[in-house]
Amino acid sequence: SQTIHQWPATLVQPVGSPLSLECTVEGTSNPNLYWYRQAAGRGLQLLFYSVGIGQISSEVPQNLSASRPQDRQFILSSKKLLLSDSGFYLCAWSLRNYEQYFGPGTRLTVT
Amino acid sequence: QQPVQSPQAVILREGEDAVINCSSSKALYSVHWYRQKHGEAPVFLMILLKGGEQKGHDKISASFNEKKQQSSLYLTASQLSYSGTYFCGTAYNQGGKLIFGQGTELSVKP
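Predicted model, so just to flag it, every value in this text is computed and none were measured.

**Things to note about the environment of L80 of chain B**
Residue and element names in this part refer to chain B.
Part 1: Secondary-structure assignment places L80 in the loop between β8 (70-75) and β9 (84-91).
Part 2: When the C-alpha positions of L80 and V31 are compared, they lie 25 Å apart, and in sequence the two are 49 residues distant.
Part 3: Among all residues touching L80, those that are not within four sequence positions of it are E14, V108, K109 and P110.

Now the structure itself:
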């Protein structure tokens, strides 16, 4: 069966510090991968999605970037965090464009 | 364009029914429904493809009206475990990404 992992689960970072969040999927090959951000009490905002290694589509221009160095690994990064980057970051996978399955999420607080 | 969900929030007593709507201003290829409990990740409920589908899953079912560009999620005989925020995600073509609605918060009271 397929599983999706995200780490860390929680993170507190000062403004201006770098960020690296990792997501890995097990039990499937060539999945579509997605990064979402959810502000407190709000909906899901798609940040990036990838249909293959090295193929990244950005949905929201900002100080975040994503990379997919391996088939089942998706990384979200920032060189300098802003206060507005705080939120619940969710990674998801799907096969082709069918239903998406979400990881447990990373709760990021920028102070 | 973000789909519009209604109502924004609903409070039910255990055993009551609820309907959550998801409307789009563009023609839809598919509609996905998810439930998210507080502090947790969204969980997939069901997907409906264009063609006027209706699906059921225990006491939770959904319909998709392609002409009206609208989907509805039906929760019957609600249970305490149904509490959470329900999101619809819409795709406008087969290769399209999902755009999620703003969510409907459902609270089921004993």
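**Topic: the environment of L83 of chain A**
All names here are of chain A.
Part 1: Position of L83 among the secondary structure elements: in the loop between β8 (73-78) and β9 (87-94).
Part 2: On the basis of relative accessibility, which here comes to 55%, the residue L83 falls in the exposed class.
Part 3: Among residues more than four places away in sequence, those in contact with L83 are V15, V110 and T111.

**Considerations on the interface of chain A and chain B**
Part 1: Taken residue by residue, the interface counts 19 residues in chain A and 18 residues in chain B.
Part 2: Here chain A is connected to chain B by 1 salt bridge.
Part 3: Residues E59 of chain A and K97 of chain B are paired through a salt bridge, measuring 3.5 Å at the closest nitrogen-oxygen approach.
Part 4: Summed over the shared surface of chain A and chain B, the number is 2 residue pairs in polar contact (both at pLDDT 80 or more).
Part 5: Breaking the side of chain A that touches chain B down by element, the ones donating at least two residues are β4 (32-38), β5 (45-52), β9 and β10 (101-102) of chain A.
Part 6: Along the lines of polarity and charge, the residues of the side of chain A that touches chain B split into 10 nonpolar, 5 polar and 4 charged.

Basis of the calculations
Numbers given to residues run from 1 along each chain, matching the order in which its sequence is written. Chain labels run from A onward and ligand labels from 1 onward, assigned in the order the entries are written. Residues qualify for local features only when their pLDDT is at least 70, as the model is predicted, and side-chain atom pairs are given and counted only at 80 or more; totals for whole chains, interfaces and linings, by contrast, use all residues. For side-chain calculations, the full set of non-hydrogen atoms in the structure is used, while hydrogens and water are omitted. Only runs of H or I of at least four residues qualify as helices and only runs of E of at least two qualify as strands under DSSP, and these elements are numbered from the N terminus. The contact rule is simple, with two residues in contact once any of their heavy atoms fall within 4.5 Å. Here the term buried applies to any residue with accessible area under 20% of the maximum for its type, exposed to any over 50%, and partly exposed to those in between, with areas from a 1.4 Å probe on protein chains only. By convention in these notes, a salt bridge is any Lys or Arg side-chain nitrogen within 4 Å of a carboxyl oxygen on Asp or Glu. Polar contacts, as counted here, are pairs of nitrogen or oxygen atoms within 3.5 Å of one another; within protein the pair requires one atom able to donate a hydrogen and one able to accept it, and residues that are adjacent in sequence qualify only if both atoms are side-chain atoms. Amino acids are sorted into nonpolar (Ala, Val, Leu, Ile, Met, Phe, Trp, Tyr, Cys and Pro), charged (Asp, Glu, Lys and Arg) and polar (every other residue, Gly among them).

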